[in-house]
Amino acid sequence: MKTVTRDFAGTRPVLQLVELERTYVQGNRTLDVLRRASAEICDGEAVALVGPSGSGKSSLLHMAGLLEKPGGGAVLLNGVDCTALNDKDRTRVRRNEIGFVYQSHNLLPEFSALENVMMPQLLAGVRRKDAKERALELLSTFGLYERASHRPAELSGGEQQRVAIARAVANSPCVLLADEPTGNLDPHTADRVFDELVFFIRNSGVAALIATHNFELAGRMDRVLQLNDGVLVEVSRRTAGGEADAERVEQLAK
Ligand SMILES: Nc1ncnc2c1ncn2[C@@H]1O[C@H](COP(=O)(O)OP(=O)(O)OP(=O)(O)O)[C@@H](O)[C@H]1O
């Protein structure tokens, strides 16, 4: 990939999480997973979400992605409160404004890489020719132009995850959410895919929140938010010319 040309995030809040609350009932006990968890993510900003297993990272991402309704609080996209949208509008906003990447790629096995990246665009009503052009452009960005006709089973794990990222951003969402996107990859591949993802975020202007257990990778992002007893706490922020120190992030996040 090319060198970073747009090094710092913008200042316009794209995703705002406002005092999100979530309580789960497990048998005869209640679990307050989120307690007024708040955050703002700006355009072109790559923000890491860390926290121990079970601290609520996936729950938070699902609420931010409008897949689940919060028990309290609000999710704002570009200043618009999406919490009370009806199912139809919620689906539309999710399809056009939010990209989601999971730990496993979830690509459709019977379709090629190209078709997988075209799919969300066709569902959003984009013309076939334009969808193909955009998909090929994205596959090139992630170094997969030559693999466009391959099915997921014919791709390596890293290539599959790159296709999944390309698919997630195919409709040019304003928000990209990822839940352990490199968690299934070997360390070397995870490293490369993560760098490509962060490069893409900074250059495309998408606002990204990425859950990871990997403090070294988290330290490469613009900010690190930790879920601490249901509350979001900023534990590190990238300074001009530098990156957050992985060891410091790990210590602070303990
Ligand atoms: N639908 C549900 N019903 C009951 N409890 C739930 C539900 N979903 C999540 N939980 C509980 O909420 C807590 C937070 O889960 P969540 O998956 O959000 O954590 P996480 O930080 O993403 O964990 P991990 O890092 O292991 O993926 C866990 O204790 C989990 O058991």
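Structure: see above.
To start, this report covers the structure provided alongside it. On a predicted model such as this, the values are computed, not experimentally measured, just so you know. (Residues numbered from 1 in each chain as written. Predicted model: local features only at pLDDT ≥ 70, side-chain atom pairs only at ≥ 80, totals over all residues. Heavy atoms only, no water.)

1. Quick look at the nonpolar core
Among the nonpolar cores identified, the biggest contains 42 residues, and Val-117, Leu-139, Val-163, Leu-176, Ile-201 and Ile-210 are the most heavily contacted of them. Residue contributions to this core peak at 7 residues, all from helix α6 (residues 187–204). Apart from the residues lying within four places of it in its own chain, the contact partners of Val-163 are Leu-107, Ala-113, Asn-116, Val-117, Leu-139, Leu-144 and Leu-155. (Core = buried A, V, L, I, M, F, W, Y, C linked by side-chain atoms within 4.5 Å. Buried < 20%, exposed > 50% of the residue type's maximum accessible area, 1.4 Å probe, protein only. Helix = DSSP H or I, 4+ residues; strand = E, 2+ residues; numbered from the N terminus. Contact = heavy atoms within 4.5 Å.)

2. Re the site of the ligand
The ligand sits among 13 residues. The nearest are Ser-53, Gly-54, Lys-57, Ser-58 and Ser-59. Within the backbone of Gly-56, a nitrogen or oxygen atom sits 3.0 Å from an oxygen atom of the ligand. One of the side-chain nitrogen or oxygen atoms of His-213 is found 3.1 Å away from an oxygen atom of the ligand. Those elements giving two or more residues to the shell around the ligand turn out to be β1 (13–26), β2 (29–42) and α1 (57–64). It is α1 that contributes the most residues to the shell around the ligand, 3 residues altogether. The residue inventory of the shell around the ligand, partitioned by class, reads 4 nonpolar, 8 polar and 1 charged. (Near = heavy atom within 4 Å. Polar contact = N/O pair within 3.5 Å; in protein donor to acceptor, adjacent residues only side chain to side chain. Nonpolar A, V, L, I, M, F, W, Y, C, P; charged D, E, K, R; others polar.)

3. Some remarks on unusual backbone geometry
Backbone geometry at Asn-78 places phi at a positive 50 degrees, although glycine is not the residue there. Secondary-structure assignment places Asn-78 in the loop between β4 (72–77) and β5 (80–81). Here Glu-180, not a glycine, exhibits a phi torsion of approximately 50 degrees, which is positive. Assignment of secondary structure puts Glu-180 in the loop between β7 (175–179) and α6. What makes Glu-180 buried here is its relative accessible area of 11%.

4. A closer look at the side chain of Gln-16
Within the element layout of this structure, Gln-16 appears in strand β1. Since its relative accessible area comes to 17%, Gln-16 is described here as buried. Of note is the side chain of Gln-16, whose polar atom sits 3.1 Å from the side chain of Glu-40. Other than its neighbours up to four places away in sequence, Gln-16 contacts Ala-39, Glu-40, Ala-74, Val-75, Leu-76 and Gly-79.

5. Some remarks on the sheet that holds β4
A sheet is described by the order of its strands in space; here 4 strands give the open sequence β2-β1-β4-β5, paired in antiparallel fashion. This sheet does not close on itself; its edge strands, each paired only once, are β2 and β5. With 10 bridges connecting them, β1 and β2 associate as antiparallel partners. Directly across from Thr-23, in β2, lies its bridge partner Asp-32. Against the sheet, α1 makes contact with β1, β2 and β4, and its axis sits at roughly 125 degrees relative to β1, the strand it touches most. (Pairing = 2+ DSSP bridges. Axes fitted to C-alpha atoms, helices over the stretch in contact; angles between N-to-C directions.)

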